[in-house]
Amino acid sequence: MAKNLKLPNSYGSVTKMSNASRRRKPYMVRITTGYALDEAKGKSIQKYAIIGYAKTRQEGMQMLAKYHERPFDLENGSMTFREVYDNWSVEKYADATKSTINGYRAAYNACSVLFEHKFRDLKTKDLQNVIDNCDKNYPTLRKIKILFNQLYSYAMKLDICGKDYSKYVNISKYSDKNPNKYDRKAFTKKQIDILWSLKDDKYYQIILIMIYTGVRIDELLSLKKENIHLEEHYFNVIKSKTENGIRKVPISDYIYPLVENWYHSSKCEYLLHTEEDKRFKYRNYYDSYFLPLMVQLGFDQTPHCCRHTCISLLAEAEVSPTYQKMIVGHKGAMSLTEKVYTHIDIKLLIDAVNSIYYPESIKNK
């Protein structure tokens, strides 16, 4: 009965194609897009645009109904995930920072299974499949979902698709998991000795400064000279990822010459700087300096391992937990008793960092 049902004019049609028995989806779903004059026959003929193909007539009718419920641009309807991304990125990357672009590109590369799929044919299960099987850590999964959100917003603006499936993607079940998590591997004392033997190289000095202050790499790269108090042997971290990260960081007697060397090495407003006296960006420092130095020495630590090493050395030296938290700006909340002592003299924190492990060759100088 549904087969003979007359549809409204210009609504579209579901047509069974020739050689139907050889086709997995033998029904063509199409709509009328206009009329053209057939000069040979002297009459107007309909022009069609294909929405898609269906296994059954009923499925085709459902496709037709969904199209009218949420119309999409048929001209762009064949665009693949790759093509949508390419077009979106031209606009998005024009004013984006390098770190933002790198983040989106990394997220996009994790979606390779979708590259050649028609964007409008993607469903929640396809997007979720990327999340469930890409074996990435939670921060990266968040970036992938943000990319999905961005692409769907762009695609719907251009009527490439009629529904945003990205909002149904679930990453919360991975919030406590990190499949590719890099072990926080503290530097051994033997490795620390090697680093100290290379202290005349200013780029090894940066690693030693991180180890003996416990600062995060972004905290050190954004440290301005105006926040460094050389005479008092400390500096202020005024921008950090956590509230407890805003703190006074003591400079031990042993790394003082390294900090002083960088402080007077240029007119750049930041403590650390490139050879052109520009502020270091994370990727520049990590890719061009930190990683090559680790490879050269045969070490496999990350910048965060420096912070982990500092925490380990403080614990080994039996520095009080209160002082440890104050020095490294630990995210663990201080107790009420600990907070009472936040006015503590910086000299006591300097004594604390002076008490941790240093090679005898350095201590005896």
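Description of the structure in this document.

Definitions and cut-offs
- Residues numbered from 1 in each chain as written.
- Predicted model: local features only at pLDDT ≥ 70, side-chain atom pairs only at ≥ 80, totals over all residues.
- Heavy atoms only, no water.
- Helix = DSSP H or I, 4+ residues; strand = E, 2+ residues; numbered from the N terminus.
- Buried < 20%, exposed > 50% of the residue type's maximum accessible area, 1.4 Å probe, protein only.
- Areas by Shrake-Rupley, 256 points an atom, 1.4 Å probe, with all protein chains shown as cover.
- Contact = heavy atoms within 4.5 Å.
- Polar contact = N/O pair within 3.5 Å; in protein donor to acceptor, adjacent residues only side chain to side chain.
- Pairing = 2+ DSSP bridges.
- Axes fitted to C-alpha atoms, helices over the stretch in contact; angles between N-to-C directions.
- Parallel < 35°, antiparallel > 145°, perpendicular 65-115°, else oblique.
- Nonpolar A, V, L, I, M, F, W, Y, C, P; charged D, E, K, R; others polar.
- Salt bridge = Lys/Arg side-chain N within 4 Å of Asp/Glu carboxyl O.
- Left-handed = near helix turned anticlockwise from the far one by under 90°.
- Core = buried A, V, L, I, M, F, W, Y, C linked by side-chain atoms within 4.5 Å.
- Disulfide = S-S within 2.5 Å.
- Lys, Arg positive; Asp, Glu negative; His and termini not counted.

1. Quick notes on the overall build of the protein chain
Each helix and strand counted, the protein chain has 15 helices and six strands in total. Scored against the burial criterion, the 365 residues of the protein chain give a buried share of 43%. Just so you have it, the protein chain exposes about 21000 Å², and 48% of that area is on carbon and sulfur atoms.

2. Thoughts on unusual backbone geometry
Apart from glycine, the bulk of residues carry a negative phi angle, and the bulk of peptide bonds sit in the trans form. If you check the backbone angles, Asp135 has positive phi at about 60° while not being a glycine. For Asp135, a relative accessible area of 46% corresponds to the partly exposed category.

3. Observations concerning helix H14 (residues 346–354)
When H14 is considered as a whole, its buried residues turn out to be Ile346, Leu349, Ile350, Ala352, Val353 and Asn354. Elements that come into contact with the buried residues of H14 comprise helix H7 (202–213), strand S5 (234–237), strand S6 (247–250), helix H11 (303–316) and helix H12 (321–328). Measuring from the side-chain oxygen of the N-cap residue of H14 to the backbone nitrogen of Lys347 gives 2.8 Å; that N-cap residue is Asp345.

4. Let's talk about the sheet that holds S6
Either a parallel or an antiparallel arrangement is found when strands of a sheet pair, and the pairing is made through backbone hydrogen bonds. Reading across from one edge, S4-S5-S6 is the order of the three strands in this open sheet, with antiparallel pairing throughout. Only two strands of the sheet have a single neighbouring strand rather than two, namely strand S4 (228–229) and S6. Where S5 lies against S6, four bridges are found, and the strand directions are antiparallel. In the strand pairing of S6, Tyr234 is matched with Pro250. Packing against the sheet, H14 makes contact with S5 and S6, and its axis sits at approximately 45° to S6.

5. Here's the deal with the packing of helix H2 (residues 81–92) against helix H5 (residues 138–157)
One can describe the packing of H2 onto H5 by two numbers: an axis separation of 10 Å at closest approach and a directional angle of 90°. One finds that H2 runs roughly perpendicular with respect to H5. Only Leu147, Phe148, Gln150, Leu151, Tyr154 and Lys157 of H5 make contact with H2, whose side of the interface consists of Phe81, Val84, Tyr85, Asn87, Trp88, Glu91 and Lys92. The class makeup of the residues in the contact of H2 with H5 is eight nonpolar, two polar and three charged.

6. Quick look at the pattern of salt bridges
Where charged atoms of side chains with opposite charge meet at close range, the side chains can pair. With the rule as written, the count across this model stands at 14 salt bridges. Of the charged contacts in the structure, one is a salt bridge between Arg283 and Asp287, with a shortest N-O distance of 2.7 Å. Taken together, the positions of Arg283 and Asp287, both in helix H10 (residues 282–297) and four residues apart, correspond to about one turn of that helix. Since its relative accessible area comes to 37%, Arg283 is described here as partly exposed.

7. Quick word on the packing of H7 against helix H9 (residues 256–263)
The N-to-C vectors of H7 and H9 enclose an angle of 125°; their axes lie 10 Å apart at closest approach. The angle between the axes of H7 and H9 places the two elements in the oblique class. When you trace H7 past H9, the crossing you get is left-handed. Contact residues: Lys202, Tyr203, Gln205, Ile206, Leu208 and Ile209 in H7; Leu258, Val259, Asn261 and Trp262 in H9. Partitioning the contact of H7 with H9 into residue classes produces seven nonpolar, two polar and one charged.

8. Comments concerning the nonpolar core
Within the largest apolar cluster, 57 residues are counted, with the highest numbers of intra-cluster contacts made by Phe187, Trp196, Ile207, Met210, Tyr212, Leu220 and Tyr285. Per-element tally for this core: the top contributor is H7, with nine residues. Within the second largest apolar cluster, 34 residues are counted, among which are Phe81, Val84, Leu141 and Cys161.

9. Considerations on the state of the cysteines
If you walk through the whole model with that rule in mind, you get zero disulfides. With no disulfide partner, Cys305 has as its closest neighbouring cysteine sulfur the one in Cys306, 7.1 Å distant. For Cys305, a relative accessible area of 1% translates into the label buried.

10. Here we look at the side chain of Lys225
Relative to the helices and strands, Lys225 resides in the loop between helix H8 (217–221) and S4. Buried within the structure, Lys225 lacks any salt-bridge partner; Asp277 is the closest side chain of opposite charge, at an N-O distance of 7.9 Å. Ignoring sequence-local partners within four residues, the contact set of Lys225 consists of Trp262, Tyr263, Ser266, Lys267, Cys268, Glu269, Tyr270 and Leu271.

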